[in-house]
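Analysis of the macromolecular model
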Amino acid sequence: METINKYFFLTVIVLGLIACDQKTDSQVSGVEWPSIQSPIAKDKTIENRVTEMLEKMTLEEKVGQMMQPEVRYITPEQVKQFHIGSVLNGGGSIAGKDGYATLAEWVQRADDYYYASVDDSDGAVPIPIFWGTDSMHGASNIIGATIFPHNIGLGAMRNPELMEKIGHVTAIETLTSGVDWLFAPTVAVVRNDRWGRTYESFSENPEVVKSYAAPVVKGIQGKANTPSLFAEDRLLANVKHFLGDGGTQYGIDQGNTMASEKELRDIHGQGYFSALAEGAQVVMASFNSWNGEKVHGNKHLLTDVLKNQMGFDGFVVSDWNGHGQVKGCSNESCPQAINAGIDMVMVPSDWQALIANTIESVKQGDIPMSRIDDAVTRILRVKMRMGLFDRGAPSQRKFSGKYEFLGSDEHRAVARQSVRESLVLLKNNQNILPLSAKQKVLVAGPAADDIGWASGGWTVTWQGVTDSNKDFPDGTSIYQGIKAVVEQADGQVELNEAGNFSEKPDVAIVVYGEKPYAEMQGDIKHLGYQSNVHVDLKILNKLKDQGIPVVSVFLSGRPLWVNKEINASDAFVAAWLPGSEGQGVADVLFSRVNGEMNYDFSGKLSFSWPKYRHQEILNWGDENYDPLFAYGFGLTYQDKNTNLDLLPEDVSFDKDVAQLEPVDIFVGRPVEPWQAYIQDSQGKISIRNMLPEQSTHIQSFSEDKTTQGDSRRVIWQGDALASLIFESEQSVNLAQYVKQNAVLSADVRVLTKPVKAVSLQLDCGEGCKKSVDLTETLKQIPGHVWTPLSIELDCLSSESNVFDQTEAFAISTEGSMELVVANLRVEISDDQRGRMSCDAL
């Protein structure tokens, strides 16, 4: 009996252990994720065809299908040689060019890749390649495309039906380039508005995001189980970024999201539930970490939750070198990310090494062959579902190369409607709006006649810095829209950026706001707008002091603390980033010629507006919720008693004013009001985004230090004086920084040591140029190693008063030299690493 009992209890223990081992992932985590039934059911014919194809493929062919290089770094011949499954254009690349491309160039490049991918002359299985692109708010990489408002403005519309139309228009215009996969929609739910991608989110409210995700997917792909699904006017959607991208601490891009799994599901997961239920076939993994672990390496989220619990049978694509951020990985090798559930790896330039190392990892048993087969099965399944094997070459498709479908009147009308519905009226004292178009109207502000500024990041270029309105043929700036309305009513209109005028106007419309930025380069320290310079406020006050009524049209990618600007305005409109159809703004600001209302304001805040500049975490439903304008706020012309009392302008309550804030000059990008230039005897050239710039004696390129494009490599050719210049549009007062022993700091990498004298020069106004000699300092820095360097600010002058009007810093030499520079700022720091006292210079 004793023996029987012993075996009985052992059996119970073993069965208990097995039962524990067999618990579902939701039981292990304690969180149930929804099981989502995709309307695109598995098709036996497709599944059999995939299985047959998989059996014929070599390991090399399978791994090639899992790679997505960037088009600048791969030729059609290499696509054939390495059996590549997909390519993308990103990071400012336009059809593989650092500049502009015609539709014919786009389509020819797409054809070249396609024919290479289906060339079976070497005995490989012919599998059509697909090309992915960032059509973020319209086909925004293509010159002449319709540019829609960014997501933050679209969220203010509360119009899911219009979102489907926008998705469809974006699909058609993207198809004109021969590209068949776009990386949208973004379904991030932003919790900290300091994040530089806030404008990519529809709302801080998960329900708004959920209500939009499905119609966007339907607009792009077509409706499942109908003839529209993946029809010739549709392409492949991509829901991103899974998961928690909008919840990082301090709003740091690619940072760490500290949240329970329940919060992850209930806040950040909502957009995926509706998108997958609509038939989304691709999910992009997120750069961020979740509780300290990079999502790209998180098997629980990518496989256990997304694929197993939620039932997702499409494929997971990584983000730009996101696999390389996983612990123990590099861009060239990361079995951890593939094992975690990444099916296709976005690896822009290091794809050959990654292919070789992935194959070796399979042979060594570090990646199970079953995982490779699963990934390739998912990729082939999606290619077959979308009809890629039957579409033929890009040039043979209906929309490829057809300019009549790019920026058509019908498409622009959809965008114009979305502009009208996205505008949010925050102030309308004395019901100054709507305006009569029969008046004398002054249009002022730096963004009034700049379509690129109104469009923001991810427009033509990665960071959205465009040359001129010529980049938007047939687009309309906000000024141009106003001008058309006023002149039609026989009114008078004058444009002057600074707010000057030839004849005193009846009203002034001032258009201003954040300059374009995109991921990483858009992160900010607090929500205070133009804290150091208040350039735009000066224009508003100048007009106000002359008794001219002022209407502010504020462009931004997030709510910002603009109490001073609101106080200086009679009416204040949050226009977000409206895009290429500026007429939509004028449609709402002005009444009809007969005095009747034309269009009313209908937009409602999808993000809470801060009362204080440190309220970067301000979300509807939070405890102690105390906004200036609550989520859902938005005046209309039907509202009475709309007068807004003066708002507090004091920032002394801020936790960060006890010590002077760093003055960022070049941190990932030139930080307003600073601009970067190279200069030699041929003139001065602005440094824009990731584009290379070159003159006779100096050239500059974008480089990656920590993140994409966050540093600048500069090559001095020698034989003539040349300079790298960081210049402010307005004088910046640094006198207080000198009194607190501030430094000018940077991270530098010396690739080629200087052969002639190198100077760091301060320009502080006419007749005021001070400099220090950096020659020996740069020679002593170890070659090719990132080194912190800081120079005490008062080394640049013995007189502190010259810092009242600092305008530029410049690094100059007549000889050859090659440097990489990142993180240039003025700051008060006790860090002694690389610190140069005046005596040492």
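Right, let's walk through the structure included here. (Residues numbered from 1 in each chain as written. Predicted model: local features only at pLDDT ≥ 70, side-chain atom pairs only at ≥ 80, totals over all residues. Heavy atoms only, no water.)

**Some points on the overall build of the protein chain**
Quick reminder of the rule: In this description a helix means any DSSP run of H or I spanning at least four residues, a strand means any run of E spanning at least two, and both kinds are numbered starting from the N terminus. Taken over C-alpha atoms, the radius of gyration is set against a globule rule of 2.2 Å times the number of residues to the power 0.38. Burial classification: accessible surface area is computed with a 1.4 Å probe over protein chains only, and a residue below 20% of its type maximum counts as buried, one above 50% as exposed, and the rest as partly exposed. Contacts between residues were defined by any pair of non-hydrogen atoms, one from each residue, lying within 4.5 Å.
Each helix and strand in the protein chain was counted, giving 23 helices and 31 strands. Relative to a compact globule of 841 residues, whose C-alpha radius of gyration would be 28 Å, the protein chain shows 28 Å and is just as compact. Each of the three principal axes of the protein chain carries a C-alpha extent, and together these read 95 × 75 × 70 Å. Looking at the protein chain as a whole, 62% of its 841 residues are labelled buried. Counted over contacts in the protein chain with a minimum sequence separation of 6, partners at least 24 positions apart contribute 77%.

**What about the packing of aromatic side chains?**
Worth spelling out the cut-off: Between the rings of Phe, Tyr and Trp (Trp by its six-membered ring), a pair exists once the centres lie within 6.5 Å; its type follows the angle of the planes, with under 30 degrees stacked, over 60 edge-to-face, and the other angles tilted.
Using the criterion set out here, one finds 23 aromatic pairs in the structure. Residues Phe-130 and Trp-181 carry aromatic rings whose centres are separated by 4.8 Å and whose planes lie at 55° to one another, so their mutual orientation is tilted. Of this pair, Phe-130 sits in strand S3 (residues 130-133) while Trp-181 sits in strand S4 (residues 181-182); the two residues are 51 residues apart in sequence, bridging distant segments of the chain. The pair Phe-130 / Trp-181 is uniform in exposure class, with both members buried.

**Thoughts on the nonpolar core**
We count it as follows: We call a set of buried Ala, Val, Leu, Ile, Met, Phe, Trp, Tyr and Cys residues a nonpolar core when their side-chain atoms join them within 4.5 Å.
Core analysis: the largest hydrophobic core is formed by 126 residues, its most contacted members being Met-67, Ile-84, Trp-181, Phe-242, Met-310 and Phe-315. One finds Ile-687, Leu-744, Val-802 and Phe-803 within the second-largest nonpolar core, a separate group that totals 46 residues.

**A closer look at helix H19 (residues 535-545)**
Spelled out, the test is: The arc in question is formed by the directions pointing from the helix axis toward the C-beta atoms.
What H19 keeps buried is the set Asp-536, Leu-537, Ile-539, Leu-540 and Leu-543. Buried positions in H19, seen along its axis, are confined to an arc of 155° and lie on one side of it. Along H19, the residues that are exposed and aim more than 90 degrees away from the buried face are Lys-538 and Asp-545. Elements in contact with the buried residues of H19: strand S13 (440-444), strand S15 (507-513), strand S16 (550-555) and helix H20 (563-567).

**Things to note about the environment of Asn-225**
Our working rule: Whenever two N or O atoms come within 3.5 Å, that pair is a polar contact, provided that in protein one can donate a hydrogen and the other can accept it, and provided that, for residues adjacent in sequence, both atoms are side-chain atoms.
Note on placement: Asn-225 falls in the loop between helix H9 (206-221) and strand S5 (239-242). Sequence spacing of Asn-225 and Gln-281 is 56 residues, and the spatial spacing of their C-alpha atoms is 14 Å. A polar contact is formed between the side chain of Asn-225 and the backbone oxygen of Pro-39, at a distance of 3.0 Å.

**Brief notes about the sheet that holds S4**
Formally: By the convention used here, strands pair only if DSSP detects at least 2 bridges between them. Only the contacting stretch of a helix is used when fitting its axis, a line to C-alpha atoms as for every element, and angles between N-to-C directions run 0 to 180 degrees.
Reading across from one edge, S2-S3-S4 is the order of the 3 strands in this open sheet, with parallel pairing throughout. Two strands in the sheet have a free side with no partner beyond their single neighbour: strand S2 (86-89) and S4. Judged from the 2 bridges that link them, S3 and S4 form a sheet pairing that is parallel. In the strand pairing of S4, Gly-132 is matched with Trp-181. The sheet strands contacting helix H6 (residues 103-117) are S2 and S3, and the helix crosses S3 at an angle near 140°.

**With respect to the packing of helix H8 (residues 160-175) against H9**
Definition in use: Two helices crossing with the near one rotated counterclockwise from the far one by less than a right angle form a left-handed crossing, whereas a clockwise rotation gives a right-handed crossing. Classification used: nonpolar for Ala, Val, Leu, Ile, Met, Phe, Trp, Tyr, Cys and Pro, charged for Asp, Glu, Lys and Arg, polar for all others including Gly.
One way to put it is that H8 packs onto H9 with a least axis distance of 7 Å and a crossing angle of 35°. Crossing of H8 over H9 shows right-handed handedness. Across the interface between the two elements, Pro-160, Met-163, Glu-164, Gly-167, His-168 and Ala-171 of H8 pack against Ser-211, Tyr-212, Pro-215, Val-216, Lys-218, Gly-219 and Ile-220 of H9. The residue makeup of the contact of H8 with H9, split by class, is 7 nonpolar, 4 polar and 2 charged.

**Here we look at unusual backbone geometry**
Following Lys-240, the chain continues to His-241 via a peptide bond in cis, the omega torsion being -5°. Note on placement: His-241 falls in strand S5. Omega for the bond connecting Phe-242 with Leu-243 falls within 30 degrees of zero, at 10°, which places this linkage in the cis form. Mapped onto the fold, Leu-243 is located in the loop between S5 and strand S6 (256-257). The backbone of Gln-430 shows a phi angle near 55°, a positive value even though the residue is not glycine. Among the secondary structure elements, Gln-430 is positioned in the loop between strand S12 (424-428) and S13. Exposure remark for Gln-430: the relative accessible area of 59% places this residue in the exposed category. Even without being a glycine, Val-460 presents a positive backbone phi close to 65°. Assignment of secondary structure puts Val-460 in the loop between helix H17 (451-455) and helix H18 (478-488).

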